Amino acid sequence: MTDALNCTVADKGGGDAWLQAALGRSDSCFRVDKNYYIFINSGGGIPKDGYVSVKLPWWSKRTKGATDLYIDWWRGGRVIIFDDRTALNEVYKKLSGNAEVAFAAGSPRPDCNDAMKGNFCNNVRIFEVTQDAEIDPHLPFQLNEFTFADVSKVTDNGKKGGEFIDFNQNYNVSNVDQVYLPLAIEPVREPADVGYMGATMAVGKFRKLLEDFTETDNTGKLVWPVYNNPVVNGRKAYPDAGVRVPSAQSALAFYMNPFVFPDGKTPTIVPKDPPKLIKDMMDQWSDCTVKDPKVCAVAQSDHYKSVDAVFLKNYKKYVDTCNRIPAFLKPVSNNPPKPKLTAYLTFIYGWVPFNVACPNDELPVVDDLPPDSRSVIDYFQMQYNYDEAGLKKSQRFNPYTQLIHDDVAAGGLSASAYAFSIDDHASFLSNSGGSTPGGLIFAVGGPGGLKNGKPHAPPVPAFYKWYDFSIGLGEPAPGAPFWTKYGMCSAIADTTFPTESKSGWVLGVDPALIKIGKNNPCPITLQDSENRKYRFVVQKASDPGVRLPQTAIWPAFAPSAGRNFDPNVLACPAVDGFVAPGKWCVHINEVARPAPNAREPGFYTLGAPPPVAK
């Protein structure tokens, strides 16, 4: 539960703001305390190359006396895919003997979409989930998440917010805990201008890449752990299941505090001890966070130490205020206090505060004051450090992130899916559902059923107000040429903008990560829908740092008559085959307002016009 209108967690245990918005009532909390499973075809599944279509209302009303009077189907929903009938039945059989959820007369309810021809959905069965039927980590499945509709956050101690905003669809393929099946998600909308999130690879090829990633080294041992599929009475417990790979955080959580099958003894993950790639991560962390690293490069060490400082601070608060710390999280060293390394890294790789059994401060976010907010950006750099030239494989912060996101040619899955908990920028998509959410298409093991069929373009570089300058690309008039590609600090525009939008864009540039100066200027190259090319060059940008007040990225500047930008900051070169500077580049406006005090960031932007008219 979260805060709802007139129903804060602190005062009333929280409520459901989505139901309040849907029903137009804030006089009730509409708490939903139970989980609900919808089984399609009585757990019988979907035939090969077939599909099912299900209608999902915003809410359903249960009969009087039920645990929850209403069920919210749109907020924080999950689609869980099984490919092993034994695993599915382990859940389904625990519920199938129970009474199905009964709905009040006239209430909307999930059902097969009979309007879809060829729909293999014959029935849906809906159960209130009992504790013994929760889907446990030992079961092979693929997780996907969605939320339909946007409702504003409830604030001011439950007095403000909670308004319906729109019918946006928010969704992702989640590999935060594990990766198991290739799955892609597209929205149902016309035109089909939004590419898919996830992966459309065939199951066999996908599994081979997972096997290659966890491959045996020359000693015959796994180099990355896998979920256990034990042999029981001469056959695998889940006979049709393939390899299932835990994330770095899940693997570390197991080595922190091993968890087992329902029999109480069979380990959920194997091998018993951390294998080579997990040991490499631990060794890299230990080296990068000491005063004088032996192998870790200075730039990498700075990222690690920034993150380490935040988690040491959070753990100290936990130790100082909690008298119920479990044994696996107790400090094993002091000055500063720290738990055993597998426990410490479990929380770092999960980017979660130390709050087991006791509340604790939240971790910083990028909009917080420096220096702590910089740790979030440093963490992103660490997660993707496999891209850095000259870095040895043993120095990767997270090989699992590379598995999820890297190109297939490099051994990755090339999937736009969550590889870690705050991987939102590369793995989460939100788009309009129109007058009502059009719905989502889930394709397993290939592109069949997808309407667009192309991978969604990568997200544009994010803008972080304390550390970046922004490049604003003007929004074209309806029907006018629009931006299609860009290149950051590149002579080539080779990165596609998301195709569903023909608007303007805001691109963030971090001078701490992209060094810009006299000897290394940064050309910004663009292309429009008429295949015309544009260029301007950022000639300098200073790292604002983390000390407050921050250093100015550029000297103070405001556009005035005949002077749109500081020529020491921006240049408009004439390039053969490009739009002439006088038609576009010279009209770029620079605004530079250094930080006025230690509590506010500076503001630095280059505002470019839209593409020139035809």
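These notes cover the structure that comes with them. (Residues numbered from 1 in each chain as written. Predicted model: local features only at pLDDT ≥ 70, side-chain atom pairs only at ≥ 80, totals over all residues. Heavy atoms only, no water.)

### Focus on the overall build of the protein chain
So, step 1. Of the regular secondary structure elements, the protein chain holds 11 helices and 28 strands.
So, step 2. Taking 614 residues into account, the globule formula puts the C-alpha radius of gyration at 25 Å, and the protein chain, at 26 Å, falls close to it.
So, step 3. Referenced to the eigenvectors of the C-alpha coordinate spread, the extents of the protein chain come out at roughly 80 × 60 × 50 Å.
So, step 4. Relative to its full complement of 614 residues, the protein chain shows a buried share of 49%.
So, step 5. Of all intrachain contacts in the protein chain linking residues separated by at least 6 positions in sequence, the fraction that spans at least 24 positions is 67%.
So, step 6. For the protein chain, the computed accessible surface area is about 28800 Å², with 52% contributed by carbon and sulfur atoms. (Helix = DSSP H or I, 4+ residues; strand = E, 2+ residues; numbered from the N terminus. Rg over C-alpha atoms; globule rule 2.2 N^0.38 Å. Buried < 20%, exposed > 50% of the residue type's maximum accessible area, 1.4 Å probe, protein only. Contact = heavy atoms within 4.5 Å. Areas by Shrake-Rupley, 256 points an atom, 1.4 Å probe, with all protein chains shown as cover.)

### Describing the pattern of salt bridges
Here the idea is simple: oppositely charged side chains can pair when their charged atoms come close.
So, step 1. The full count for this structure, using the stated rule, is 17 salt bridges.
So, step 2. In this structure, Asp33 engages Arg31 in a salt bridge whose closest nitrogen and oxygen atoms are separated by 2.5 Å.
So, step 3. Residue Asp33 is classed as partly exposed on the basis of its relative accessible area of 45%.
So, step 4. Relative accessible area serves as the criterion here: at 30%, Arg31 is assigned to the partly exposed category.
So, step 5. For Glu145, the salt bridge is made with Arg78, and the minimal N-O distance between the two is 3.7 Å. Of the two residues, Glu145 sits in strand β8 (residues 142–151) while Arg78 sits in strand β5 (residues 77–81), which places them 67 residues apart along the sequence. (Salt bridge = Lys/Arg side-chain N within 4 Å of Asp/Glu carboxyl O.)

### Regarding the pairing of strand β23 (residues 505–509)
So, step 1. For β23, the buried fraction is high: 4 of the 5 residues fall into the buried class.
So, step 2. Where strand β20 (residues 469–473) and β23 come together, 5 bridges link them in antiparallel fashion. Paired with Ser470 across the strands is Gly508, a residue of β23. (Pairing = 2+ DSSP bridges.)

### A word on the sheet that holds strand β25 (residues 533–538)
So, step 1. The strand order across the open sheet built from 5 strands is β22-β21-β24-β25-β26, with neighbouring strands paired in antiparallel fashion. With partners counted over all chains shown, the strands left at the sheet margins are β22 (495–496) and β26 (570–571), one partner each.

### A look at the state of the cysteines
So, step 1. Tallying each qualifying case throughout the model produces 6 disulfides.
So, step 2. The side chain of Cys322 participates in a disulfide bridge whose partner is Cys358; the two sulfur atoms lie 2.0 Å from each other. Around the S-S axis, the bridge from Cys322 to Cys358 shows a dihedral of about 65° and counts as right-handed. Of this pair, Cys322 sits in the loop between α7 (298–321) and α8 (341–350) while Cys358 sits in the loop between α8 and α9 (374–383); the two residues are 36 residues apart in sequence, bridging distant segments of the chain.
So, step 3. Bridging Cys489 to Cys522, the disulfide has an S-S length of 2.0 Å. The disulfide joining Cys489 to Cys522 has a torsion of about -95° about its S-S bond and is therefore left-handed. A residue pair is termed long-range when its members are at least 10 positions apart, and Cys489 in the loop between β21 (483–488) and β22 and Cys522 in strand β24 (residues 522–528) qualify at 33 residues.
So, step 4. Residue classification places Cys489 among the partly exposed residues on the basis of a relative accessible area of 31%.
So, step 5. Each disulfide in the protein chain links cysteines that, numbered along the sequence, combine into the pattern 1-2, 3-4, 5-6, 7-8, 9-10, 11-12. (Disulfide = S-S within 2.5 Å.)

### Looking at α8
Residues lying three or four places apart along an α-helix face the same way, a consequence of the helix completing one turn every 3.6 residues.
So, step 1. For α8, the buried fraction is high: 9 of the 10 residues fall into the buried class.
So, step 2. All of the buried residues in α8 are Thr342, Ala343, Tyr344, Leu345, Thr346, Phe347, Ile348, Tyr349 and Gly350.
So, step 3. Contact partners of the buried residues in α8: α5 (248–256), α6 (276–288), α7 and α9.
So, step 4. Positive phi shows up at Trp351, right after α8, with a value of about 45°.

### Re the nonpolar core
So, step 1. By size, the foremost hydrophobic cluster in this structure holds 116 residues, and its most contacted members are Val179, Trp224, Val245, Trp285, Phe311, Ile348 and Leu413.
So, step 2. Per element, the largest residue contribution to this core is 7 residues, and it comes from α7.
So, step 3. Non-local contacts of Phe311, meaning those with residues more than four positions away in its chain, are made with Tyr344, Phe347, Ile348, Trp351, Val352, Phe354 and Leu363.
So, step 4. Ile471, Leu507, Ile516 and Ile524 belong to the second largest nonpolar core, which has 33 residues in total. (Core = buried A, V, L, I, M, F, W, Y, C linked by side-chain atoms within 4.5 Å.)

### Description of α5
So, step 1. The buried fraction of α5 amounts to 8 of the 9 residues, a majority that puts the element mostly inside the structure.
So, step 2. Along α5, the positions that sit buried rather than exposed are Ala248, Ser250, Ala251, Leu252, Ala253, Phe254, Tyr255 and Met256.
So, step 3. Summarising the contacts, the buried residues of α5 are in contact with β13 (226–227), β16 (245–246), β17 (269–270), α6, α8 and α10 (399–405).

### Focus on the side chain of Asn113
So, step 1. For Asn113, the position within the fold is in the loop between β6 (111–112) and β7 (124–128).
So, step 2. Ignoring sequence-local partners within four residues, the contact set of Asn113 consists of Ser53, Val54, Lys55 and Asn119.

### Overview of the environment of Pro611
So, step 1. With respect to the helices and strands, Pro611 occurs in the segment after β28 (603–608).
So, step 2. As a C-alpha pair, Pro611 and Gly412 span 199 residues in sequence and 36 Å in three-dimensional space.
So, step 3. Setting aside residues no more than four positions away along its own chain, Pro611 makes contact with Gly474, Pro476, Pro481, Phe482, Trp483, Asp528 and Tyr534.

### Brief notes about the sheet that holds β23
So, step 1. If you trace the 4 strands from one edge of the open sheet to the other, you get β23-β20-β28-β27, paired in mixed fashion. Since the sheet does not close on itself, it has two edges, and those belong to β23 and β27 (589–593), each with one partner. Recorded for the sheet is a direction-independent mean angle of 15° between the axes of neighbouring strands.
So, step 2. One ladder, built from 5 bridges, connects β27 with β28; its direction is antiparallel. (Axes fitted to C-alpha atoms, helices over the stretch in contact; angles between N-to-C directions.)

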